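Residue-level listing of the chains:
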Amino acid sequence: MSTLEDLIRDSMRLHELHAPNPSGLLSAVASREQARRRRLQGAAAGGAVAVVASAFLAANMAAGGQQHPGGATPSVTAATPLPGGDVVSHLAAPVTVNRTGSAVVEIGAAPAGADHLDIELTCLSAGTFTVADGASMSCSTADAASDTGTMTYELHLDPGQHTTTITTAGESRWRLTVTYSTVRTTAWGVNKAGQTFGVANANGTPTLVAVDATNGKTGYAYARDLDQPQAANPSEALAWQNGPQKEIDVPVYTSDGKTVIGTFVTHRAAPPK
Amino acid sequence: VGEQQADFEAFVASRGAALLRFAFMLTHDRGRAEDLVQEALVKVHRRWGRVVAAEQPEAYVRGIVTHEFLSWRRRCSSGETPGVIPSKPVQDPSAAVDERDAVWRALAVLPPRQRAVLVLRFYEDMPDAQIASVLECAVGTVASLASRGLATLRAQSWADRPDTLRTEP
């Protein structure tokens, strides 16, 4: 007769994940760090950065991200972004190619005003696939040709550029849809009290930062509530960083900064006593 | 810095798969597990020098994975009430496998902190004192969470066969 504890252990062993190649994991971590650095460009400096990044990422999730290129007609592709978010406009028909191994993709002449390439890269077999600026995606066999094996991205376009390169090892197969685009950062909103609200961007951080509340609603938290305490000196900062992190419930408001609609959970270093 | 980077890469290469398996136990979802581990590794990468100075860097990273799991659950759900066990899965020819599958499904709908405690206790074989350290709570809280989780599993998974179960002393 089995005990419940035995069955739990057996159940966990039975359902244990067959983990992918750790080298792919390292690439994924590097890619994620790179993407985070890109998102943080121009954002608030100092201890607030990490928290603002979390809020910004949550806001990006709240915005639903960008739509994928799909039609042959140039169009505005982004759903209505949160204030301060990016709007991506397609300026040409998308170009789709299937390739094996590293390849340079010819896109054709760039239309006037294009400043980015909107790309959707899908792995069709296992491997690591790197786009021109170094961002990469790692796929297992299970990821091939699936949503988890698809990466959407905005690549900066240099003047005169009409190709883009995908680098991968060996005979890994991939599909790329690339569209000349322009990316415009929208303005933050301003409420009746004169407070800015929206998502952090290259211009900095608004007073009210868009976040997803635990109840699923999208609202705004005061940036000051998301800030980490400011250490008096580097050694104190180090002590805080190595110390325990306290879970903090931050109120989430509508854009008026007064009406509470939920709670956002963040973590804050607990200053040593 | 180069030495730290090499050390970090060696850690990921040697322990990455184990971390993913652990995260999968928490999430029951491969994609979420990969997200959790990647987020945790991004966080520790920035301060890897201090992490390796700790006596058990892997335990430290597992703690961050656990916090990410609990934090993610709080961000993405409106509550932590136990759900209903999904309808019967595809029948397995083995009754033993069926039982284990029932446990797995019951684990999936436990409140996150109860599930985390059971994973840490039965998958990681952590003593309650260490689990309390990871979750930053009292040992008594760990015992309480485990007890409630086990009671739920027992009630939900074997309500029709109470005589087949006993609990370890």
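Basis of the calculations
Counting restarts for each chain: residues are numbered from 1 in the order of the written sequence. Both sets of labels track the order of writing: A upward for chains, 1 upward for ligands. Only residues with pLDDT of 70 or above have their local features reported here, since the model is predicted, and side-chain atom pairs are shown and tallied only from 80 upward, although totals for entire chains, interfaces and linings are computed over all residues. Computation of side-chain values: all heavy atoms of the structure, hydrogens and water removed. Numbering of helices and strands starts at the N terminus; helices are DSSP runs of H or I of at least 4 residues and strands are runs of E of at least 2. Residue burial is assigned from relative accessible area. The probe radius is 1.4 Å, only protein chains are included, and a residue is buried under 20% of its type maximum, exposed over 50%, and partly exposed in between. Should any heavy atoms of two residues lie within 4.5 Å, those residues are considered in contact. Should DSSP find at least two bridges between two strands, the strands are taken to pair. Working convention: axes come from line fits to C-alpha atoms, limited for helices to the stretch in contact. Angles between N-to-C directions cover 0 to 180 degrees. Every residue carries a pLDDT, the predictor's confidence in it, which falls somewhere between 0 and 100. One less than the residue count of a helix, multiplied by 1.5 Å, gives the span that helix is expected to have. Note on bend: at a given residue it equals the angle between the axes fitted to the 7 residues ending there and to the 7 starting there. Here, two cysteine sulfur atoms that lie within 2.5 Å of each other are counted as a disulfide. An angle below 35 degrees is treated as roughly parallel, one above 145 as roughly antiparallel, one from 65 to 115 as roughly perpendicular, and anything else as oblique. Each crossing gets its handedness from the near helix: less than a right angle anticlockwise from the far helix is left-handed, clockwise is right-handed.

**Thoughts on the overall build of chain A**
1) Next: Secondary structure summary: chain A contains 5 helices and 15 strands in total.
2) Next: Counting all 273 residues of chain A, 45% fall into the buried class.
3) Next: Here the analysis covers contacts within chain A between residues at least 6 apart in sequence; of these, 62% occur between residues at least 24 apart.

**Quick notes on the sheet that holds strand E8 (residues 163-168) of chain A**
Strand pairing within a sheet occurs via backbone hydrogen bonds; the two strands may be parallel or antiparallel.
Residues and elements named next belong to chain A.
1) Next: In spatial order, the strands read E3-E8-E5-E6; together these 4 strands make up an open sheet with antiparallel pairing. Across the chains shown, the open sheet's two edge strands, defined by having one partner strand only, are strand E3 (103-106) and strand E6 (136-139). For this sheet the average axis-to-axis angle between neighbouring strands, irrespective of direction, equals 20°.
2) Next: Sheet topology places strand E5 (residues 127-130) next to E8; 2 bridges connect them, and they run antiparallel. By the bridge assignment for E8, Phe129 is matched with Thr168.

**Section: the confidence of the model for chain A**
1) Next: With 67% of its residues at a pLDDT of 70 or more, chain A has an overall mean of 73.
2) Next: Note on residues 38-79 of chain A: pLDDT under 50 across the span, and 73 contacts to partners over four residues away in sequence or across chains.

**Brief notes about the side chain of Thr66 of chain B**
Residues and elements named next belong to chain B.
1) Next: Relative to the helices and strands, Thr66 resides in helix H4 (residues 57-76).
2) Next: Judged by relative accessible area, Thr66 falls into the buried class, the value being 1%.
3) Next: Not counting the four nearest positions on each side in its chain, Thr66 is found in contact with Phe22, Leu26, Ala116, Leu120, Val134 and Leu135.

**Thoughts on helix H2 (residues 30-46) of chain B**
One turn of an α-helix holds 3.6 residues; hence residues three or four places apart share an orientation.
1) Next: Over its 17 residues, H2 of chain B extends 25 Å from the first C-alpha to the last, a length consistent with the 24 Å expected when each residue adds 1.5 Å.
2) Next: The set of residues buried in H2 of chain B consists of Ala33, Glu34, Leu36, Val37, Gln38, Glu39, Ala40, Leu41, Val42, Val44 and His45 of chain B.

**Details of the environment of Asp86 of chain A**
1) Next: Along the chain, Asp86 of chain A falls in strand E1 (residues 86-90).
2) Next: Sequence separation between Asp86 of chain A and Val183 of chain A is 97 residues; the distance between their C-alpha atoms is 6.3 Å.

**Here we look at the pairing of strand E12 (residues 208-212) of chain A**
All names here are of chain A.
1) Next: Among the 5 residues in E12, 5 count as buried, and that is most of the element.
2) Next: Residues Leu208, Ala210 and Asp212 of E12 are buried on one face, and the alternating residues Val209 and Val211, pointing to the opposite face, are buried as well.
3) Next: Two strands pair when backbone bridges link them, and strand E11 (residues 196-198) and E12 are joined in this way by 2 bridges, in the parallel orientation. Paired with Phe197 across the strands is Leu208, a residue of E12.
4) Next: Alignment of E12 against strand E13 (residues 218-222), held across 5 bridges, turns out to be antiparallel. Residue pairing in the sheet places Val211 in a bridge with Gly219 of E13.

**Some words on helix H1 (residues 2-27) of chain B**
1) Next: The largest bend in H1 of chain B amounts to roughly 55° and is located at Arg15 of chain B.
2) Next: Of the residues one or two after H1 of chain B, His28 of chain B is the one with positive phi, at around 60°.

**Remarks on the state of the cysteines**
Residues and elements named next belong to chain A.
1) Next: Within this structure, the stated rule accounts for 1 disulfide over all chains.
2) Next: In this model Cys123 forms its disulfide with Cys139; the gap between the sulfur atoms is 2.1 Å. On the S-S bond that ties Cys123 to Cys139, the torsion sits near -95°, and the link is left-handed. Pair noted here: Cys123 is in strand E4 (residues 116-123) and Cys139 is in strand E6, with a separation of 16 residues, a long-range link.

**So, the packing of helix H6 (residues 112-123) of chain B against helix H7 (residues 128-135) of chain B**
Residues and elements named next belong to chain B.
1) Next: Two numbers describe how H6 lies on H7: the axes approach to 10 Å, and their chain directions differ by 135°. What the angle tells us is that H6 and H7 run oblique. The interaxial crossing formed by H6 with H7 has right-handed handedness. Facing H6, whose interface residues are Arg113, Val117, Leu120 and Arg121, H7 presents Asp128, Ile131, Val134 and Leu135.

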